[in-house]
Amino acid sequence: MRALISDVTLWCNGIARVSMLHPAHPKLHLVSHLEHCRISRHWKALEASRAWEMSSLIFFIISPIMLYLLHPYAKERNLAIHLVWVMMLFVGIFSAYFHMTLSFVGQMLDELSILWALAVGHALWFPRRMFPSFIKDRSTFSRLILVVTVITSVSSFVKPTVNAYALNCFGLHMLYILAIEMRCCTDQKALTLAKWSAALWILAISCWISDRFGCGFWQRLNFCYLHGIWHILIVIAVAYASTLIAYLDANYEIPYSLPELQYWPCDKLPLGLPHIVLRGTTKTFKRC
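Residues numbered from 1 in each chain as written. Predicted model: local features only at pLDDT ≥ 70, side-chain atom pairs only at ≥ 80, totals over all residues. Heavy atoms only, no water.

The next subject is the overall build of the protein. Check the secondary structure of the protein and you find 11 helices and 4 strands. By residue count, 50% of the 288 residues in the protein fall in the buried class. For the protein, the accessible area works out to roughly 14200 Å², and carbon and sulfur atoms hold 68% of it. (Helix = DSSP H or I, 4+ residues; strand = E, 2+ residues; numbered from the N terminus. Buried < 20%, exposed > 50% of the residue type's maximum accessible area, 1.4 Å probe, protein only. Areas by Shrake-Rupley, 256 points an atom, 1.4 Å probe, with all protein chains shown as cover.)

The residue after Trp264, namely Pro265, is reached through a cis peptide bond having omega 10°. Considering the arrangement of structural elements, one finds Pro265 in the loop between strand S3 (259-264) and strand S4 (273-278). Backbone geometry places Leu258, a non-glycine residue, at a positive phi of 50°. Mapped onto the secondary structure, Leu258 falls in the loop between helix H11 (226-253) and S3.

Bringing a nonpolar patch on the surface into the picture now. The grouping of Met54, Leu57, Phe60, Ile61, Phe90 and Ile93 at the surface amounts to a nonpolar patch, some 520 Å² of accessible area in total. Those elements that provide at least two residues to the nonpolar patch are helix H3 (57-69) and helix H5 (82-101). A total of 3 residues in the nonpolar patch trace back to one element, the largest contributor, which is H3. Mapped onto the secondary structure, Ile61 falls in helix H3. Accessibility expressed as a relative area gives 49% for Ile61, which makes it partly exposed. (Patch = residues over 30% accessible without salt bridge, like charges linked within 9 Å, V, L, I, M, F, W, Y side chains within 5 Å. Salt bridge = Lys/Arg side-chain N within 4 Å of Asp/Glu carboxyl O.)

Moving on, we come to the pattern of salt bridges. Across all of its chains, the model carries 5 salt bridges by this definition. A salt bridge links Glu253 to Arg128; the nearest nitrogen and oxygen atoms lie 2.9 Å apart. Within this pair, whereas Glu253 is found in helix H11, its partner Arg128 is found in the loop between helix H6 (104-125) and helix H7 (138-155), the two being separated by 125 residues in sequence. Judged by its relative accessible area of 24%, Glu253 is partly exposed. As a salt-bridge pair, Arg129 and Glu181 come within 2.4 Å of each other at their nearest N and O atoms. Residue Arg129 is located in the loop between H6 and H7, and its partner Glu181 is located in helix H8 (residues 163-182); the two are separated by 52 residues in the primary sequence.

On to the environment of Val277, then. Assignment of secondary structure puts Val277 in strand S4. Taking relative accessible area as the criterion, Val277 reaches 4% and is therefore assigned buried.

Quick look at the nonpolar core now. Among the nonpolar cores identified, the biggest contains 54 residues, and Ile62, Met66, Tyr73, Trp85, Trp125, Met182 and Ile276 are the most heavily contacted of them. For this core, the leading source of residues is H11, giving 15 residues. Those residues in contact with Met66 that sit more than four places away from it in its chain are Trp85, Ala239, Thr243, Leu273 and Pro274. In this structure, Phe131, Ile135, Phe141 and Ile177 belong to the second largest nonpolar core, which totals 8 residues. (Core = buried A, V, L, I, M, F, W, Y, C linked by side-chain atoms within 4.5 Å. Contact = heavy atoms within 4.5 Å.)

For Leu203, the position within the fold is in helix H9 (residues 188-213). Each C-alpha atom, one on Leu203 and one on Trp230, is 8.1 Å from the other, the two residues being 27 residues apart in sequence.

Per-chain confidence: the protein averages 79 in pLDDT, with 78% of residues scoring 70 or above. Low pLDDT (under 50) marks residues 1-31, which in the prediction has 69 contacts with non-local residues, meaning those over four places away or in another chain. For residues 38-43, every residue scores under 50 in pLDDT, and the model assigns this stretch 20 contacts once sequence neighbours within four places are set aside. (pLDDT = per-residue confidence, 0-100.)

Following this line, the structure appears as structure tokens:
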């Protein structure tokens, strides 16, 4: 079977039809190393693609819930906060498209949507006290982030194979900032949330690394689901970490609102989705 898959019926009960790259396709080198490994070895490609597509559904489940749960905080702080989870919806859309087609265009859309989601998070939540000395306010910092993101987006087409590593470095930087902020935090709920966020991120990145560099090993085991597990874990990790960052931001920027961490649907155990309740502003209080 030299051609991996041609005009195979995928997704939505066979409505969407895509053509996969032939192993000798001249543009195959543009696709990430992970996908190149899968294409060139043609191991369980159809089953793997379906698994990756199904795992992308987690974006469409978690994102609307987080938009709802964080609305009281966003309404009090800045409605632009919603852009983070709107961008996560786009990440889910382009991730599903990429794994349906394994195309260069799909890869770039997937990676650029992640880049812009990270950029929005940096622009909205980067602590003021860590601004460079020449930055005086958040609007100026946001414009700087915009310029850097546009330049990074254009340069990502130069060597696409390094994009995934660069994106993980940006995410690691956000976690580094979060770790610094947690040093002076005494709130036990916030500390617990930080531990869960770190644990989920470590599990997620372990799946990603193992899937990327252990391609041959997982082929021999006929196990093609690590990338799908990565999707699920990273979305939950983002939900936990972004809520923690938002909570710290609320304490700095709107302390009068008396922010408090809670979990949905049950607040007794940290096993649901975290969100922020504003005790000091009854007009934006939302019961979940």
